[in-house]
Amino acid sequence: MKVLVAVKRVIDYNVKVRVKADQSDVDLANVKMALNPFCEIAVEEAVRLKEKGIAEEVVVVSIGPKAVQEQMRTAMALGADRGIHVETDDLPDSLAVAKLLKGVVEKEQPQLIILGKQAIDSDNNQTGQMLGALTGMPQGTFASKVDVDSNTVSVTREVDGGLQTVKLQLPAIVTTDLRLNEPRYASLPNIMKAKRKPLDTLTPDDLGVAVKRTVKVLKVEAPAERSAGVKVADVAELVEKLKNEAKVI
Amino acid sequence: MSILVIAEHNNSELNPATLKTLSAAQAIGGDIDVLVAGDGCQAVAEEASKIGGVNKVLCASNAAYGHFLAENLGTLVAELGKGYSHILAPATTTGKNFMPRVAALLDVAQVSDIIAVESADTFKRPIYAGNAIATVQSEDAIKVITVRATAFDAVSAEGGSASVETVDAAHASDKSEFVGEELAQSERPELTAARVVISGGRGMQNGENFHLLEKVADKLGAAVGASRAAVDAGFVPNDYQVGQTGKIVAPELYIAVGISGAIQHLAGMKDSKVIVAINKDEEAPIFQVADYGLVADLFEVLPQLDQSL
Ligand SMILES: Cc1cc2nc3c(=O)[nH]c(=O)nc-3n(C[C@H](O)[C@H](O)[C@H](O)COP(=O)(O)OP(=O)(O)OC[C@H]3O[C@@H](n4cnc5c(N)ncnc54)[C@H](O)[C@@H]3O)c2cc1C
Ligand SMILES: Nc1ncnc2c1ncn2[C@@H]1O[C@H](COP(=O)(O)O)[C@@H](O)[C@H]1O
């Protein structure tokens, strides 16, 4: 079985972004970039399927400018076998990404496609579900457990009320939640090995997809700042303040 | 303008997030229809018909929709939604699951998690874990939107008398099947709807110690939440997680106990009205957003708090 994993290059999760003074966007100049944490979990899950002998090949795909190859190499250092880079300098929205991924799915015919549940920059949480609709495949989103059988996959999903389990016919789409696994660290030899793994480049044209955006960003602002309040000396003062000053208890 | 709001419910009652989504719909303006899709959900449709300002309720009751599977619900909503200018659903795990399928089937983008309506095509939404707020304008003919419930006041559940129309369409995918669920049973208020939330972090050390929080929660009528670290460590189940990638809460009072205040946690609670932080490290970033900070050992503080309430 072939597993396709979609990975996105995003700002490192430890970095607190700042908004540009002209409010056109956030400032990403000289900011540390990384593999989206949910995509890292997706790669780890695929590699574990390979280690268990369920998957034969793990292919990573990323859409974006040349720089995304850095994160694709990271994914290969974690164990993915090869990469497909769909190169574009336009910033595709989730629908365009899903259309491009559909093109890759048609070429590669994977049985399982794993994505992150959410990119931590746009916080969209859309792409896997959109790819499901476009390909007609079933989806198991926000997965905390994935069990692959010969023709089906059982996915335990983290939902607001607790956990839900669904059974999907393959080929299927899974999006990862935080508890699915704990990604490994890439070892130095594996980082070296990853540099020689095959990485093909395609364009949106090759896939017959026009990258367009129908949602325009008019403005990006900093959120209202909360000012730090006061320190209280003890529980008695805290309770007194909550009762008489804040009047919330 | 005509708006279709997808009700969130459990086949027996409406989830309050629906009333807040309706408030966003009213801010857009226009005729508002509500879709109640589920299995044996007629009582919910009746309940929805009484909400003020609702034009019409569509009730699609079929086994295919009983567990709100995205494949089935997505197809239904895309089909019914074609004639509307806007389709709205709460940004719950159910809404997040099926709405992007609706958008893709209609070949339009989705605007996720809006916190304000500027005009019929312009909305505000948080990005980068709430560290920036984007104002976005959609050119799509049908706007598919999920709504962050905490950012809107609920509309009144009464005062309406909409007609209820039955929808017969049954979309049952044979590719996806519900197997089972483990839903949390709790006497306490639901996290996203509670007036007071008390959350524990890694500082709680283990799941047993959450009893210390629960005692205080019971006195305050509070819901109990947690940081990711506490969930990952297995102290409490996943549905307790508050944050960028967990639940968004904005109660009157939020008490963070043994939580450092990582940006991903703050993203889920910093719109609370009053924030209290209890942490033994006075440098913990949580104090930068707390109205009242208590630098102390939580194992001493929690029993005292329980006593004094
Ligand atoms: C992709 C991604 C998504 C994430 N999503 C979320 C999310 O949705 N929600 C979320 O919460 N996190 C999320 N995180 C994790 C986040 O980055 C932090 O790791 C997490 O919030 C830390 O949890 P914590 O504050 O409980 O633990 P820590 O950071 O370890 O803090 C524990 C705190 O407890 C205090 N403490 C310890 N003992 C005591 C004591 N006896 N008395 C008083 N204080 C004590 C310590 O001083 C410390 O400040 C996410 C991370 C990533 C990468
Ligand atoms: N540009 C991209 N290239 C590859 N995968 C992507 C891209 N954008 C989003 N994805 C995938 O879709 C997931 C969810 O992203 P989003 O819907 O944007 O929140 C990510 O975790 C990735 O797996």
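Residues numbered from 1 in each chain as written. Chains lettered and ligands numbered in written order. Predicted model: local features only at pLDDT ≥ 70, side-chain atom pairs only at ≥ 80, totals over all residues. Heavy atoms only, no water.

Asks: Residue-level account of the overall build of chain A, with values.
Replies: If you tally the helices and strands in chain A, you get six helices and 13 strands. Taking the principal axes of its C-alpha atoms as reference, chain A extends roughly 65 × 45 × 40 Å. In chain A, which comprises 249 residues, the proportion classed as buried is 55%. Pairs at least 24 apart in sequence give 69% of the contacts found in chain A among residues at least 6 apart. Element-wise, carbon and sulfur atoms account for 49% of the exposed surface of chain A, whose accessible area totals about 10,900 Å². (Helix = DSSP H or I, 4+ residues; strand = E, 2+ residues; numbered from the N terminus. Buried < 20%, exposed > 50% of the residue type's maximum accessible area, 1.4 Å probe, protein only. Contact = heavy atoms within 4.5 Å. Areas by Shrake-Rupley, 256 points an atom, 1.4 Å probe, with all protein chains shown as cover.)

Asks: So what about the UniProt feature "domain: Electron transfer flavoprotein alpha/beta-subunit N-terminal" (unreviewed entry) in chain B? Which residues, and what values?
Replies: Cross-referencing UniProt, the feature "domain: Electron transfer flavoprotein alpha/beta-subunit N-terminal" (unreviewed entry) maps to residues 3-182 of chain B in the present numbering. Segment residues 3-182 of chain B splits into 25% helix and 34% strand. End C-alpha atoms: 34 Å apart. (UniProt positions renumbered as here; feature names shortened; annotations may be inferred.)

Asks: Tell me about the sheet that holds strand 8 (residues 132-138) of chain B, residues and numbers included.
Replies: The sheet built from four strands is open, its strands ordered 12(A)-8(B)-7(B)-6(B) with antiparallel pairing. Each edge of the open sheet is held by one strand with a lone partner, namely strand 12 (215-221) of chain A together with strand 6 (116-119) of chain B. Put simply, the sheet's adjacent strands are angled 30 degrees from each other on average, direction ignored. (Pairing = 2+ DSSP bridges. Axes fitted to C-alpha atoms, helices over the stretch in contact; angles between N-to-C directions.)

Asks: Now, about the domain arrangement of chain B: what can you tell me, with residues and values included?
Replies: All names here are of chain B. Each assigned domain of chain B is listed with its residue range as follows: domain 1 (2-166) and domain 2 (196-308). Placing a centre on the C-alpha atoms of domain 1 and another on those of domain 2 gives a separation of 31 Å. Contact with domain 1, which involves five residues of that partner, is made by seven residues of domain 2. For domain 1, the biggest contributors to the area lost against domain 2 are Ala129, Arg148 and Thr150; these three give 74% of the whole. Scanning the region where domain 1 abuts domain 2 turns up zero salt bridges. Counting every contact that joins domain 1 to domain 2 gives one residue pair in polar contact (both at pLDDT 80 or more). (Domains from an automatic or database assignment. Buried area = accessible area lost by both parts, 1.4 Å probe. Salt bridge = Lys/Arg side-chain N within 4 Å of Asp/Glu carboxyl O. Polar contact = N/O pair within 3.5 Å; in protein donor to acceptor, adjacent residues only side chain to side chain.)

Asks: An account of the side chain of Asp239(B) is needed here, citing residue identities and associated values.
Replies: Position of Asp239(B) relative to the elements: it lies in the loop between helix 6 (228-232) and strand 14 (253-257). Those residues in contact with Asp239(B), other than ones at most four positions away along the chain, are Val159(A), Asp160(A), Gly161(A), Gly162(A), Ala184(B), Leu191(B) and Lys247(B).

Asks: Tell me what's going on with the site of ligand 1, and back it up with residues and numbers.
Replies: Of all residues adjacent to ligand 1, which total 28 residues, the nearest are Arg202(B), Ser227(B), Gln241(B), Ser260(B) and Asn279(B). Close to ligand 1, residues of chains A and B are found. In this structure, Gly258(B) approaches ligand 1 through a main-chain N or O atom, which is 3.0 Å from an oxygen atom. For ligand 1, whose free accessible area comes to 990 Å², the fraction covered by protein is 86%. Of all the elements in the fold, those that place two or more residues in the shell around ligand 1 are helix 1 (37-51) of chain A together with helix 6, helix 7 (263-266) and helix 8 (298-308) of chain B. (Near = heavy atom within 4 Å.)

Asks: How would you explain the interface of chain B and chain A if you had to name every residue and give the values?
Replies: Each partner contributes residues to the interface: chain B has 85 residues there, and chain A has 77 residues. When chain B packs against chain A, the two sides together hide about 6,700 Å² of surface, and 53% of this comes from carbon and sulfur. Scanning the region where chain B abuts chain A turns up five salt bridges. Residue Lys216(A) pairs with Glu139(B) through a salt bridge whose shortest N-O separation is 3.2 Å.

Asks: Just give me the short version of the UniProt feature "domain: Electron transfer flavoprotein alpha/beta-subunit N-terminal" (unreviewed entry) in chain A, but keep the residues and values in it.
Replies: Listed under "domain: Electron transfer flavoprotein alpha/beta-subunit N-terminal" (unreviewed entry) in the UniProt record, and renumbered for this structure, are residues 23-211 of chain A. This span, residues 23-211 of chain A, is 30% helix and 30% strand, and a straight line between its end C-alpha atoms measures 24 Å.

Asks: Residues and numbers for the sheet that holds strand 14 of chain B, please.
Replies: Backbone-to-backbone hydrogen bonds join strands into a sheet, with any given pair of strands oriented parallel or antiparallel. What the six strands build is an open sheet, ordered 13(A)-16(B)-15(B)-14(B)-12(B)-13(B); its pairing is parallel. At either end of the open sheet lies a strand with only one pairing partner, and these are strand 13 (230-231) of chain A together with strand 13 (223-226) of chain B. Direction of pairing for strand 12 (residues 196-200) of chain B relative to strand 13 of chain B: parallel, over a ladder of four bridges. Residue Val197(B) lies in a different strand from strand 13 of chain B, and its bridge partner there is Ala223(B). Across the sheet, helix 6 (residues 235-244) of chain A touches strand 13 of chain A together with strand 14, strand 15 (274-279) and strand 16 (292-295) of chain B, and the angle it forms with strand 16 of chain B is around 170 degrees. Against the sheet, helix 5 (residues 210-220) of chain B contacts strand 12, strand 13 and strand 14 of chain B, and its axis sits at roughly 175 degrees relative to strand 12 of chain B.

Asks: Would you mind going over helix 6 of chain A in detail, with residue names and values included?
Replies: In an α-helix, one turn spans 3.6 residues; hence positions three or four apart end up facing the same way. For helix 6 of chain A, every residue scored as buried is listed here: Val235(A), Leu238(A), Val239(A), Lys241(A) and Leu242(A). Down the axis of helix 6 of chain A, the smallest arc covering the buried residues is 165 degrees, so these residues share one side. Looking at the buried side of helix 6 of chain A, the elements it contacts are strand 14, strand 15, strand 16 and helix 8 of chain B. (Arc of directions from axis to C-beta.)

Asks: Just give me the short version of a nonpolar patch on the surface, but keep the residues and values in it.
Replies: Residues and elements named next belong to chain A. Together, Leu188, Ile191 and Met192 make up an exposed nonpolar region whose accessible area comes to about 280 Å². Inspection of the secondary structure puts leucine 188 in helix 5 (residues 188-194). On the basis of relative accessibility, which here comes to 60%, the residue leucine 188 falls in the exposed class. (Patch = residues over 30% accessible without salt bridge, like charges linked within 9 Å, V, L, I, M, F, W, Y side chains within 5 Å.)

Asks: Tell me about the site of ligand 2, and please be specific about residues and values.
Replies: Residues and elements named next belong to chain A. Lining the immediate environment of ligand 2, one finds 19 residues, of which Ala6, Ala119, Asn125, Gln126 and Thr127 sit closest. Separating a nitrogen atom of ligand 2 from a backbone N or O atom of valine 7 is a distance of 3.4 Å. In this structure, glycine 116 approaches ligand 2 through a main-chain N or O atom, which is 3.0 Å from an oxygen atom. In isolation ligand 2 has 480 Å² of accessible area, and contact with the protein removes 97% of it. Listing elements by their share of the shell around ligand 2, those giving two or more residues are strand 4 (57-64), helix 3 (94-108) and strand 6 (112-116).

Asks: Outline the packing of helix 6 of chain A against helix 8 of chain B, listing residues and values.
Replies: Helix-helix packing: each pair is described by the crossing angle between the helix axes and the interaxial distance. Look at helix 6 of chain A against helix 8 of chain B: their axes get within 10 Å of each other, and the N-to-C directions meet at 50 degrees. The angle between helix 6 of chain A and helix 8 of chain B falls in the class oblique. For the pair helix 6 of chain A and helix 8 of chain B, the crossing hand works out as right-handed. On helix 8 of chain B, the residues that touch Val235(A), Leu238(A), Val239(A) and Lys243(A) of helix 6 of chain A are Val301(B), Gln304(B), Leu305(B) and Ser308(B). Classifying every residue of the contact of helix 6 of chain A with helix 8 of chain B by side-chain character gives five nonpolar, two polar and one charged. (Parallel < 35°, antiparallel > 145°, perpendicular 65-115°, else oblique. Left-handed = near helix turned anticlockwise from the far one by under 90°. Nonpolar A, V, L, I, M, F, W, Y, C, P; charged D, E, K, R; others polar.)

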